[in-house]
Amino acid sequence: MLTSLPNLLTLSRIFVIPLVILTFYLEGAWTHWAACGLFAAAAITDWFDGWLARSWNQVSAFGRFLDPIADKLLVAAVLFMLVAFDRVSQWSELPALVILLREILVSGLREFLAEIRVGMPVTKLAKWKTGFQMVALPVLLVGPAGPDILPVQEIGEGFLWVAAVLTLITGWDYLRAGLKHLTGPLP
């Protein structure tokens, strides 16, 4: 199942990361748009790979393992590069940090809970958080190369702040749900 189309789409999100990073080192407005296009294509595969896997009955352990990792790697790489290349304001470094820290917390919590065979499903609010992130990041990748008539940077940072607020709420929800398993004896 490693070479099924859903798994290949998931892998493509990881393979696109170096290309997105490369755009930060190249000159010209086209590089901002290229980064945006690459990220947007990767974000679409995040929805499409799961839909295909379920529709074609190709859900696999590999896909279930790699899908959330691919998402987190892509988002973390873009947030890191945006901050490292001063493509977000100082005030928007905070929501970037909040998003990264929550991803680490939830990943660790999920890993622990999986060891004791406790599932932690994704909530609707977490899906909204992901949606705001997936709008904020490509907008921020375009940044100053966007149309002059729009405050592209401010729109991207606004969406990033909304994503960060939702990140705090969903992170707290997941932590609260997992605490009862963290404070008791191991089964």
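Residues numbered from 1 in each chain as written. Predicted model: local features only at pLDDT ≥ 70, side-chain atom pairs only at ≥ 80, totals over all residues. Heavy atoms only, no water.

## Side note on the overall build of the protein
When its secondary structure is counted, the protein shows seven helices and zero strands. Starting at the N terminus and walking to the C terminus, you meet the elements of the protein as α-α-α-α-α-α-α. Against the 2.2 N^0.38 benchmark of 16 Å for 187 residues, the protein shows a C-alpha radius of gyration of 17 Å, consistent with a compact globule. C-alpha extents for the protein along the principal axes are approximately 55 × 40 × 25 Å. The buried share of the protein, taken over its 187 residues, is 42%. Total accessible area on the protein stands at roughly 10,700 Å², and carbon and sulfur atoms take up 71% of it. Taking the average place of the 13 positive charges on the side chains of the protein and the average place of its 14 negative ones, the gap between the two points comes to 14 Å. (Helix = DSSP H or I, 4+ residues; strand = E, 2+ residues; numbered from the N terminus. Rg over C-alpha atoms; globule rule 2.2 N^0.38 Å. Buried < 20%, exposed > 50% of the residue type's maximum accessible area, 1.4 Å probe, protein only. Areas by Shrake-Rupley, 256 points an atom, 1.4 Å probe, with all protein chains shown as cover. Lys, Arg positive; Asp, Glu negative; His and termini not counted. Charge placed at Lys NZ, Arg CZ, Asp CG, Glu CD.)

## Some details on unusual backbone geometry
Phi at N57 takes a positive value of approximately 55 degrees, unusual for a residue other than glycine. In this structure, N57 sits in the loop between α3 (29-55) and α4 (61-84). Residue classification places N57 among the exposed residues on the basis of a relative accessible area of 68%. Here the phi dihedral of D86 falls at roughly 50 degrees; this positive angle occurs in a residue that is not glycine. Take D86: it is sitting in the loop between α4 and α5 (93-115).

## Some thoughts on the environment of F39
Following the sequence through the fold, F39 ends up in helix α3. The exposure class assigned to F39 is buried, which follows from its relative accessible area of 0%. Separated by 34 residues in the primary sequence, F39 and L5 place their C-alpha atoms 19 Å from one another. Apart from residues lying up to four places away in sequence, F39 is in contact with V20, L74, V78, M134, L137, P138 and L141. (Contact = heavy atoms within 4.5 Å.)

## Let's talk about the nonpolar core
Among the nonpolar cores identified, the biggest contains 30 residues, and F39, V78, L82, L137 and L141 are the most heavily contacted of them. Taken together, the elements giving at least two residues each to this core come down to α2 (17-25), α3, α4, α5, α6 (124-142) and α7 (152-182). Top contributing element to this core by residue count: α4, with seven residues. When sequence neighbours within four positions are dropped, the list of residues in contact with V78 reads V20, F39, L137 and L141. Within the second largest apolar cluster, seven residues are counted, among which are L109, L113, A126 and Y174. (Core = buried A, V, L, I, M, F, W, Y, C linked by side-chain atoms within 4.5 Å.)

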